[in-house]
Structure formats: C-alpha cells, structure tokens
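Spelled out, the chains give:
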Amino acid sequence: MILDSLKNAPLYYGVAPRLKKAFELIASTDWSSMTTGVHELDGRDIFVNIMELDLKTKREAKLEVHNEYIDIQILLEGTEEIFGWSERCDLKQPLAEFDKEKDVQFFDDEAQTFYALRIGQFTILLPEDGHAPMIGEGPIRKAIVKVRK
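**Observations concerning the sheet that holds strand E11 (residues 139–148)**
- Taken together, six strands build an open sheet; the order of strands is E1-E9-E5-E11-E3-E2 and the sheet is antiparallel. Of all strands in the sheet, those with a lone pairing partner are strand E1 (2–5) and strand E2 (37–42), marking the two edges. Neighbour-to-neighbour, the strand axes of the sheet open up by a mean angle of 25 degrees, direction not taken into account.
- Where E2 meets strand E3 (residues 46–54), five bridges bridge the pair, whose relative direction is antiparallel. Following the sheet pairing, Val38 is matched in E3 by Asn49.
- In the packing of helix H1 (residues 19–28) onto the sheet, contacts are made with E2, E3, strand E5 (69–77), strand E9 (121–125) and E11, and the angle to E5 comes to roughly 20 degrees.

Structure (structure tokens):
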C-alpha cells in the first residue's frame, strides 16, 4: 500500500511496468467531464472505473484483494475516504472463492489499520494488499484506475 500526493507520482513509476503510463494518463485526463462507469484508457491494460457513491461504515466494508490488477484510487470529490488495510497473507476468512473474471476476492477479516485519502492524493494497492475502500460518511466521487501488473 502506498499513500502519497499526486505531485509525487513520478517516485512510483518503477514499482510496476505500466505505472508510469497510468500516472501520465491520470495527469492528462479531465475527470470532471468523465461519466460514471468503466472507461478504457489503454485498452484493458489500464482502465478506470468512475464511481459516485455514499460511503459506508467500517463494519460494512469488506477487505478485498486482486491478482491481475494494481489499483490506483483517487478521490475526486468529497472530504475524505477511509481505507482499511491488511497484509494479504494475514487474511484468513474468505467470503467466497476468488472470482477470476472480476479479479477480486472478499474477506470478512478485520483490517489491521486504517488511513484517510483526501483530494490531491492517491493510494496504490498492490496484489499483496488487502483493502477495504469506501469507508466514511457522505457522498464521494472517485476514480479507480486499474493497471495490469
């Protein structure tokens, strides 16, 4: 898990092969004009899901993991979004088998820690990171950029 300001994105280009291109696309995209839903930025190698939703409680949020994609999550509107985080290797309570088509598996474990994402920041969530996004109060608009690892 990485949490940082968007201005520092170049520090993370070397973490995975497609992150440089993903952050360049993030910097050049007009998020305000993009409708909710999934949009390809570089085919299925880099795409984004724009979401508008009401945040939920820590109890309602479930930890999730991915195998094929890295998440770069960005808060576009709202005060803050809280994320729960746990090391994937410590997750012991799967709610179902891994869904290969959706590249996701959910867990009922409690998060080891929590952190806040604010406007102008991003979080990178690698396949090793169990994460429970969308915690807090009120409505938000966010971008989840999916980057094939």
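**A short note on the pattern of salt bridges**
- The tally for this structure, following the rule as stated, stands at nine salt bridges.
- Residue Arg18 pairs with Asp45 through a salt bridge whose shortest N-O separation is 3.7 Å. In this pair, Arg18 is assigned in the loop between E1 and H1 and Asp45 in the loop between E2 and E3, connecting sequence segments 27 residues apart.
- Of the charged contacts, one joins Asp71 and Lys146 as a salt bridge, the two residues approaching to 2.6 Å between their closest N and O atoms. Linking Asp71 in strand E5 with Lys146 in strand E11, this pair joins segments that are 75 residues apart in sequence. As far as the burial class goes, Asp71 and Lys146 line up, both buried.
- Beyond isolated ion pairs, a larger network of salt bridges with shared partners links Arg18, Asp45 and Arg148.

**Quick word on the side chain of Lys142**
- Note that Lys142 resides in strand E11.
- At 2.4 Å, the side chain of Lys142 and the side chain of Gln73 are in polar contact.
- One polar contact links Lys142 to Glu81, side chain to side chain, over a distance of 2.7 Å.
- The contacts of Lys142, once residues within four sequence positions are left out, are Asn49, Ile50, Met51, Gln73, Ile74, Leu75, Leu76, Glu81, Phe83, Pro133 and Met134.

Definitions and limits used
Residues numbered from 1 in each chain as written. Predicted model: local features only at pLDDT ≥ 70, side-chain atom pairs only at ≥ 80, totals over all residues. Heavy atoms only, no water. Pairing = 2+ DSSP bridges. Helix = DSSP H or I, 4+ residues; strand = E, 2+ residues; numbered from the N terminus. Axes fitted to C-alpha atoms, helices over the stretch in contact; angles between N-to-C directions. Contact = heavy atoms within 4.5 Å. Salt bridge = Lys/Arg side-chain N within 4 Å of Asp/Glu carboxyl O. Buried < 20%, exposed > 50% of the residue type's maximum accessible area, 1.4 Å probe, protein only. Polar contact = N/O pair within 3.5 Å; in protein donor to acceptor, adjacent residues only side chain to side chain.

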